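Residue-level structural notes
Listed here are the chains, written in short residue letters.
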Amino acid sequence: ILTIFFVILFAINNANSQIILSNDTTASCNSFSYTLEAISATLTSITTDDSHSSVIPIGFTFNFYGIPYNSLIVSGNGYISFDLSQAGGFSPYAINNPIPNPGSIPENAIMAPWEDKNPALGGSITYGTIGVAPNRKFIVTWCEVPMFSCNTQIHTSQVILHEGSDKIEMFIQNKSVCTAWNSGAAIQGLVDATSTNFDIVVDPILLAERNFPLQWTAVNEGWEFLPN
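Described in the following lines is the structure provided in the data block. (Residues numbered from 1 in each chain as written. Predicted model: local features only at pLDDT ≥ 70, side-chain atom pairs only at ≥ 80, totals over all residues. Heavy atoms only, no water.)

Description of the state of the cysteines
Short version of the rule: Disulfide assignment relies on a single distance test, namely cysteine sulfur atoms paired within 2.5 Å. Put simply, DSSP marks the helices as runs of H or I at least four residues long and the strands as runs of E at least two long, and each gets a number from the N terminus on.
In total, this model carries one disulfide according to the counting rule given. In this model C150 forms its disulfide with C178; the gap between the sulfur atoms is 2.0 Å. Taking the torsion about the sulfur-sulfur bond, which here is approximately 80°, the covalent link between C150 and C178 counts as right-handed. Of this pair, C150 sits in strand β10 (residues 150–162) while C178 sits in the loop between β11 (168–175) and β12 (187–191), and the two are 28 residues apart along the sequence.

Concerning the sheet that holds strand β9 (residues 137–147)
For clarity, the cut-off: A pair of strands counts as paired when DSSP detects no fewer than two bridges linking them.
On the basis of which strands lie adjacent, the open sheet formed by six strands has the order β3-β8-β9-β10-β11-β14 and antiparallel pairing. Because the sheet does not close on itself, it has two edges, and the strands there are β3 (42–43) and β14 (218–225). As paired elements, β3 and strand β8 (residues 124–130) share two bridges and run antiparallel to each other. Directly across from L43, in β8, lies its bridge partner T126.

As for the sheet that holds strand β6 (residues 79–81)
What counts is decided by this rule: For helices, the fitted axis covers only the stretch in contact; all axes are lines through C-alpha atoms, and the angles between them, taken along N-to-C directions, range from 0 to 180 degrees.
The sheet built from six strands is open, its strands ordered β4-β5-β6-β7-β12-β13 with antiparallel pairing. Each having just a single partner strand, β4 (56–64) and β13 (198–200) make up the two edges of the open sheet. Sheet twist, expressed as the average angle between the axes of neighbouring strands with direction ignored, equals 25°. Alignment of β12 against β13, held across three bridges, turns out to be antiparallel. Following the sheet pairing, G189 is matched in β13 by I200.

Remarks on the packing of aromatic side chains
Aromatic ring pairs are defined here through the distance separating the ring centres and the angle between the ring planes. Note the threshold: When the centres of two rings from Phe, Tyr and Trp lie within 6.5 Å, Trp using its six-membered ring, the rings pair. Their planes under 30 degrees apart give stacked, over 60 give edge-to-face, and anything left gives tilted. Whether a charge sits over a ring depends on NZ of Lys or CZ of Arg being within 6 Å of the ring centre and within 35 degrees of the ring normal.
Taken as a whole and assessed by the stated rule, the structure comprises nine aromatic pairs. Arranged with centres 6.4 Å apart and planes meeting at 85°, the rings of F90 and Y93 form a pair that is edge-to-face. Among the aromatic residues, ring-to-ring pairing joins F62, F64, Y65, Y69 and F82 into one connected group. The residue whose ring lies beneath K175 is W216, and the NZ or CZ to ring-centre distance is 4.5 Å.

Quick notes on the layout of surface pockets
Threshold: Lining residues are those with an atom within 4 Å of a point, where the points come from a 1 Å grid over the protein atoms alone and group into cavities, where a 1.4 Å probe fits but cannot get out, or pockets, open sets with protein on both sides within 12 Å along at least five of seven lines. Grid points are joined across faces, edges and corners, and a volume is the space filled by probe spheres set on the points. Ten residue types, Ala, Val, Leu, Ile, Met, Phe, Trp, Tyr, Cys and Pro, are classed as nonpolar, four, Asp, Glu, Lys and Arg, as charged, and the remainder, Gly among them, as polar.
Quantified by volume, the largest pocket comes out at close to 240 Å³. Contributing to the lining of the largest pocket are 13 residues, with Y65, D199, L226, P227 and N228 lying nearest its centre. Broken down by element, the residue count for the lining of the largest pocket peaks at three residues, all from β4. Residue composition of the lining of the largest pocket, by class: eight nonpolar, three polar and two charged.

Some remarks on the side chain of Q188
Quick reminder of the rule: Distance and chemistry together define a polar contact, namely a pair of N or O atoms within 3.5 Å, with one atom able to donate a hydrogen and the other to accept it when in protein, and with adjacent residues in sequence counting only for side-chain atoms on both sides. Pairs of residues are marked as contacts when any of their non-hydrogen atoms sit within 4.5 Å.
Topologically, Q188 is positioned in strand β12. In terms of polar contacts, Q188 uses its side chain to reach the side chain of R210, at 2.8 Å. If near-sequence neighbours (up to four positions away) are discounted, Q188 is found in contact with M111, P113, M170, I172, D199, I200, V201, R210, W216 and W223.

Written out as structure tokens, the structure is:
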């Protein structure tokens, strides 16, 4: 039994990443070592720097801090928001204050992390709903999106929303620090619509919140948030 276990473990650790877009369709996200969930080939409407997507249906009801939502928007700067009033509009890039920051965008958001990226220069931001009710998943992937002012530094991450459990999964391949812009600021976590409730990730190395003004990095990380 132990031999079989170690053989399986070795095989898993050496498996190549896969992204399944649809039947008979394959794609890659370069060296992203995490085995990504299947994702739709649907691109967001984001084509310019610092912008929000149009309204995107989730495909099921997702409860965020106890409030049900059926649609959301995606930011080119690395977050999801349930504030549909910002659809198609400007997505702020300047991070000058920690979260919570009442009355300032982003609120009602999942930050994976929020930092200044520039999808106009490359990469892709895709979304899709997979699975069968009542266990569907909504997935957003920022794939090889260049950092603003540090264009050779690219970012890949993914957020998965789970139907029923309202669990949030967040995966980061590589989060570097662009000291040439925004002083390298980036924020990872959750905040509700009124900035009353929030959950900021604590860096396991620095032992401080990944909030402004902390400079932090991440490689091949996974985080899970469960509603309380």
